[in-house]
Each structure stands twice: as C-alpha cells, then as structure tokens.
Amino acid sequence: MPAISFAPASRTWLLRTPGSAYALRVDGDDVPRHLHWGEPLTLDQADSLPLPADLSGFNGFEGHTPVGEELPVDGGSRFGAPSLQLRFADGVRALEPVADGHSLTEQPTGATLLLHFRDRHYPLRITLGYQVHDDSDVIERWTELTHTGTDSEAGDGTEQGPITVLRADSAAWSLPPRDDYRLSHTTGAWAAETQLRRSQLSYGETVLTSRRGVTGHHAQPWAMVDAGDADEQHGQVWSTALAWSGSWRITLQRTADNALGLSAGAGHEGLTVRLAPGATHSTPRLAGLYSGGGFGGTSRSWHAHIRAHLLPHPDETRPVLYNSWEATAFAVTLEGQQQLAAHAAALGVELFVMDDGWFGARRNDRAGLGDWTPYAGAFPDGLQPLVDSVHGLGMRFGLWVEPEMVNPDSDLYRAHPDWVLHQPNRRRTELRHQLVLNLARPEVAEWMYDWLTRLVGDHGIDYLKWDMNRPFTEAGGSADPDDPDLLWTDYVRHYYQVVDRLRADHPALRIEACSSGGGRVDLGVLARHDQVWTSDNTDASDRLVIQDGYAQVYPVRTMAAWVTDVPNQQTGRSIPLRFRFHSAMSGVLGLGGELDRWTGAELKEAAELIAEYRTIRHLVQHGALYRLRPPRSQNELTAVQYTAADAAEAVVFGWLEQRRFGRPQPPLRLAGLDRDARYRDRRSGAVHHGAVLLEHGLDLELPPGDWASAVVHLVRV
Ligand code: GLA
C-alpha cells in the first residue's frame, strides 16, 4: 500500500508510516477534519470512520468544536485558539477556505501531499503540506500562504492590498479522545537546561513559548502527550517538535468536553507577517510522531528520524574533544594553549578547541566581540602557529566564534552602530555587555559569511563552536519598513543560510551549536550542526538530569559532555573523576579542565577512561537509548543502556550518587537484548543469558561508598 492513499468519494486521505497511520477528510463544507492518528489502519478502515460530532447544532454558544480540524482558521463560529489568523487589507479578518485541489508526489522513500485551499472571496491560497518517510513514524507538516493578487500597487484599504498574517502556525494536531491527558515537556534556565516535567494537562490553554528571538533555555519547542498511562516501555504517546530556531509557540488546548488539540509554529504572540500581492509565506516544518512504545519508544523514534533525515553527517563518529574555556576563560595565550593541547593529545583527545578570548580586545566579556582578528598580544604571528601545533599533535583544530554579537566597545560597533537590533527612541539593552547584530540585514549576513569563510579557509580550521549568548531586545531594523516583524523570520533564515553556505564551502568543517550552553537546540539546529553544547553546567550529577531531558527528543550523538575540574565551577561540588567521566561518557565525551594541574594518577585514569570510551562510543553515539532508571531520585540508581541495532552489543551505565542505609543494590534489569543469546561482559569475562539480563537483571558491581558508577560493555557470544 502506498504511503499516502485517497478515497475520492469521501475525500478521505490516509498517511501511513511503518508503525502508525494518520487520516483526515475534507468535509462537505471543505473543512479538512482530523480522523485518526495512532495505530496502523487500512484505507478502507479509515474511510469507514465517522467524523466527530460538531456541537454547533445543539446550542448556539458552542460554535465549531475547537479541536479536530487540520488547520483551524479564525473565521465562522470558531472560538478556539486559531492556527491561522489573518487580516485582509480592507480590515476583514474571517477566513472562508474552499478546497482547491491537491497534489500527491511519491518519492522513492516516502510521499508528499499538498492540499490546496483558496479563500472564497479574497486573493489568498493556503496549502497544507504533509510528508511521510518509509523509514520513520514522523509525519512532517507545514503551511504555505500565497497572496494571489496581481496588483502590486494595491494599497491598504483595497481587497487586493497586502494581507496581514496575525498567526500562521505550521500545523495543528488533534488527539483521540481519552479520559485524561498528561503533558511531558522541558523547562530550564542557563546552566539548568532541559529538565523533564510530566504533569496532568489542565483544562483550558497551555502555552509553551520563547519570546527571545532564539529557541531559548526556558522551554524546548517540543511536547509529548499521553493519557496518563504511558511509561518508559509501554503506552501510546503523541509528540511534536518544531524545526525553527527563533521565537516559537506551542498551544495545547484541552476543551471543556475533554478534547485535546495542539497547534504550533514560529513566532510568539503579537508578531505579524505582511503578505504583499504575489508573495508566499512558508512556515517551518512541524514534525509529529505517534508511538505505541511508551516514552522510551518515542525517544528512540525521534532519534532514528533525526539521524536519518536531519543530521548532516549521521554516520560519523564524534571525536573526543578538549575545550579550553573552563581552564583559561579569557586568559588565552599561544603557549598556554599549546601546553593544554600537548596534555590533551597525550590523553587521547582527537579535537582541540580554543574557546573565547583569542581575538580583538577580548580580555574579558566587556570588549572585542565583533573584531575577529587574533589578539596580537597572544598570537603575534596569527593563529597559524597554534593550528599547526595542534595538527602536529595529530588532533583536529576548533575555534570558538560568536558571529551574531558585538560588544559596544569594539571597532565593529564604532564603525557600524546601526548594525545592531535597535529601535528609535529606545535605549539599547545590553546583556553580558553585548548587543545582537541585526542578521536580518543582508549586508550583516554577507559580512558574517565573508569573515567566517575566510577564517576557516585561511587557517585550515576543522571545527567551529558557534555561540550565541543573549536574546533579542529592542528588535527593530527590519529590511522592509512596511513589515517590521519580518526581522524575526529573516534573522533565523539568514543564520541558517550563513551556516549552510559555510558548510558548502568547507565540506570537512564541523560546527557545534552553543547558546550560553543549550539555549538554541531544535530540529532546525540539528539539521545543520554536528553537535550541541548541552549546558554550561558541567557538574556530573546535574548533567545526568539535563542529559536525560535533552535525549527525550534529541539524539545522544549530538549531546556534548565535558569532564571538568573540581570543585565544579557552577555548583562547587567535588565529584570523583571516574563518576565525572562516566557521566560525560554517556554522551559525546569531551574534556574541559586545567589539565596542567591534574596529578599523574588523574592523567593516567583519564587516559584509560578515554581509551575505554573509544571502545563503546559506537554504541553511545549510534545505538538505541534505553532509560533504565531515570535520574529523578537523588538516592537511587540512575542507569541508561545503549544497544546496537542488531542487539549484538550493549553498554550499560549506572550511577549511584549516595548510598543510604547500607542497602545492597538490586540487579538492574536490562532492555532491548536478544533473549535467546548469551552476552559476555568484556571487562570481567562473565557470560550472562539474555533472558536473565532482561528478567532478573545485571549486578553492576558498583564500588562501595557514594559517587559509585560503572560502565558494563556486553557483547553477544
Ligand atoms: C558561553 C558558552 C561557554 C563559553 C562562553 C565563552 O557561555 O556556553 O561554553 O564558550 O560562552 O564566553
């Protein structure tokens, strides 16, 4: 059966993925209505589904049921949260869409459906896009709006004039009726990103959003909903994630009659888009996923989808990295970096990254941002001597940049004070003593691309850590004065374009995404970055929580984690080296400490653990994640497992922060293994039956005392 099929008599569409089905019907009033999202159905079965009852017949106050439409527009008797809200040039706001054909394209690995509508009266075309892939249960959706008027001179006040788009979400999802609903999402802050929250969804509207111009630390642009009955292994979970790296909004609506709908897209409330005659506005893609495999199955499906369809180099192994930030902060010198590089290379590090402080007058965070020439006091002969010595040590060379920012105390700002986001009659709010460059302006984007491509090309730079350390304020300076909010969209599009052009120019270049830690991570970032700096908080205990939240949707092979010095710079906590390593080894391992102050014993242990990581990282970075014991309770074991696709190998991590009451740890039940096989523990040589590991568990043989941790690598015999 094709991935997308159609029953013309009832105008029913069925979208099929390997593990799910999605059905919709264009009803007699030309409204695209939702029918099904869940377990697989045939077209016959979908065709037989009745449309949900519309309450408007019973009582004048009910209006249209606010949940259950594929794109609930503002118009008619709809009183729910609209996904599409416009104002035509003559002031009319209500939309009246009329079905206007469709197009279905079969690709070798999936299919795309476009459903076209036009407004009954005004010059507007609306297209709802759906894409499915034959190797993923994710359905991608988007919306396109075209002003079909031809009179480019038409001004405001005429029916043909520009349309103001007040809200254009990418898509709306409807869930099947359940007795209860529970929302899983993350909240966070700087140094405390991606903290998983799971709670009953209130009646009314729940909004998750960023108004910062970037994705933000405070919420992630994804949501999962279940009926309150799913767990890691079992149960139905519906989830959605947005591919956009600017402001965004997800609105969940639980109605008084207990229906649940969800609408999501770019931009926060109040931002508008101006659609001139002939112009098209396309929303970013919103991905949706149904899984019958609980939260664990949901995460694994997202990881597989992101690997197969977004990541630029999904099959590559991420190298072990060293980053100088926690060791030196701004006190960067050639000799100091060379010394750190020599230590790092001796430990087995493969990529050396020099962080902030190497350029312009950047001796602290008050000056120099924007002046991207090496600081002559530290690098009298430029960067090349350092690049060469790092390459000479057999490592790749990486460099920190923050291209979107400027310190007012910089040559760039003195030359171009108008290049920053600003508004007339308003002060320019500084955060971390810096202002945001107006990347929405083409000349700023061109300048940025130009110095970056030269920097990378001239020095043979292998890796950039692309940072972005503050949100928008006074966000004025749109390229089109008639469309002031265009800036919020153009900024993100130009950021994507600069990164994409750099990648195209330098195919070997790899780019990390950072925004004061994990302030900009989303499906748009993961389509063009190789890894993400998860958090400035490198405390190994806090990290278990942050990493658990990160990996709910985003693959572990993008989740950078460093081992740093103790006491930890963020928390003041001192955790033994081995535990710190084990925490970081469950992601993309890096190091970030003052290696020149590590003792001989510490350096020896670090080298051994890095060597061990190299023997298991194919599982961490490419395997399937099973959360065996999530890090919710301080006193109990946290454990994760990564398993090869064919279940021939697995690696298990266990962390026990505190031991209470001298209780022995019960064996840890594993997951995702071959029941009938036997597995050898590579360290101890012990052989275990798969069925026993699954049903009775594995003794991790944790060392005594607090901060006990273990890594067990199992290989099928
Ligand atoms: C941000 C990053 C850090 C570091 C500093 C440098 O905070 O998240 O890793 O690069 O900037 O100023």
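Residues numbered from 1 in each chain as written. Predicted model: local features only at pLDDT ≥ 70, side-chain atom pairs only at ≥ 80, totals over all residues. Heavy atoms only, no water.

- Identification of the chain as Alpha-galactosidase from Streptacidiphilus alkalitolerans is taken from an unreviewed UniProt entry.
- Looking at the chain in UniProt, the text filed under Sequence similarities (unreviewed entry) is "Belongs to the glycosyl hydrolase."
- In its Catalytic activity (unreviewed entry) section, UniProt records this for the chain: "Hydrolysis of terminal, non-reducing alpha-D-galactose residues in alpha-D-galactosides, including galactose oligosaccharides, galactomannans and galactolipids." (UniProt positions renumbered as here; feature names shortened; annotations may be inferred.)

### Here we look at unusual backbone geometry
So, step 1. The peptide bond linking V566 to P567 adopts the cis configuration, its omega dihedral lying at -10°.
So, step 2. By secondary structure assignment, the location of P567 is in the loop between β30 (559-563) and α11 (577-585).
So, step 3. The phi dihedral of R432 falls on the positive side, at around 50°, and the residue is not glycine.
So, step 4. On the secondary structure map, R432 appears in the loop between α6 (411-415) and β26 (435-436).
So, step 5. Accessibility expressed as a relative area gives 31% for R432, which makes it partly exposed.
So, step 6. At W707, a position not held by glycine, the phi torsion is positive, near 50°.
So, step 7. For W707, the location among the structural elements is in the loop between α13 (690-695) and β37 (708-716).
So, step 8. Accessibility expressed as a relative area gives 22% for W707, which makes it partly exposed. (Helix = DSSP H or I, 4+ residues; strand = E, 2+ residues; numbered from the N terminus. Buried < 20%, exposed > 50% of the residue type's maximum accessible area, 1.4 Å probe, protein only.)

### Focus: the nonpolar core
So, step 1. In terms of nonpolar packing, the biggest core is built from 174 residues, with L15, W358, L464, F581 and F653 touching the most fellow members.
So, step 2. Excluding anything up to four places from it in sequence, F653 contacts H582, M585, S586, I616, V620, T638, A639, V640, Y642, A710 and V711.
So, step 3. Listed in part, the 23 residues of the second largest apolar core include L637, L673, L694 and V712. (Core = buried A, V, L, I, M, F, W, Y, C linked by side-chain atoms within 4.5 Å. Contact = heavy atoms within 4.5 Å.)

### Comments concerning the site of the ligand
So, step 1. Not every one of the 13 residues close to the ligand is listed here, only the nearest: D355, D356, R432, K465 and D536.
So, step 2. One of the side-chain N or O atoms of R432 is found 2.9 Å from an oxygen atom in the ligand.
So, step 3. Measuring from an oxygen atom of the ligand, one finds a backbone N or O atom of G517 at 2.9 Å.
So, step 4. For the ligand, whose accessible area on its own is 310 Å², the fraction buried by protein is 97%.
So, step 5. When the residues that make up the shell around the ligand are grouped by side-chain class, the tally is 4 nonpolar, 3 polar and 6 charged. (Near = heavy atom within 4 Å. Polar contact = N/O pair within 3.5 Å; in protein donor to acceptor, adjacent residues only side chain to side chain. Areas by Shrake-Rupley, 256 points an atom, 1.4 Å probe, with all protein chains shown as cover. Nonpolar A, V, L, I, M, F, W, Y, C, P; charged D, E, K, R; others polar.)

### Quick notes on helix α2 (residues 294-309)
So, step 1. For α2, spanning 16 residues, the distance from its first C-alpha to its last is 22 Å, which sits close to the expected 22 Å at 1.5 Å a residue.
So, step 2. Considered for burial, the residues of α2 that qualify are G294, F295, G296, G297, T298, S299, W302, H303, H305 and I306. (Expected span 1.5 Å × (residues − 1).)

### Digging into the environment of V588
So, step 1. As for its position among the elements, V588 is in strand β31 (residues 588-591).
So, step 2. Sequence spacing of V588 and Q621 is 33 residues, and the spatial spacing of their C-alpha atoms is 7.2 Å.
So, step 3. Not counting residues up to four positions away in its chain, the partners in contact with V588 are R318, P319, Q531, V556, R557, T558, M559, A560, A561, Y613 and Q621.

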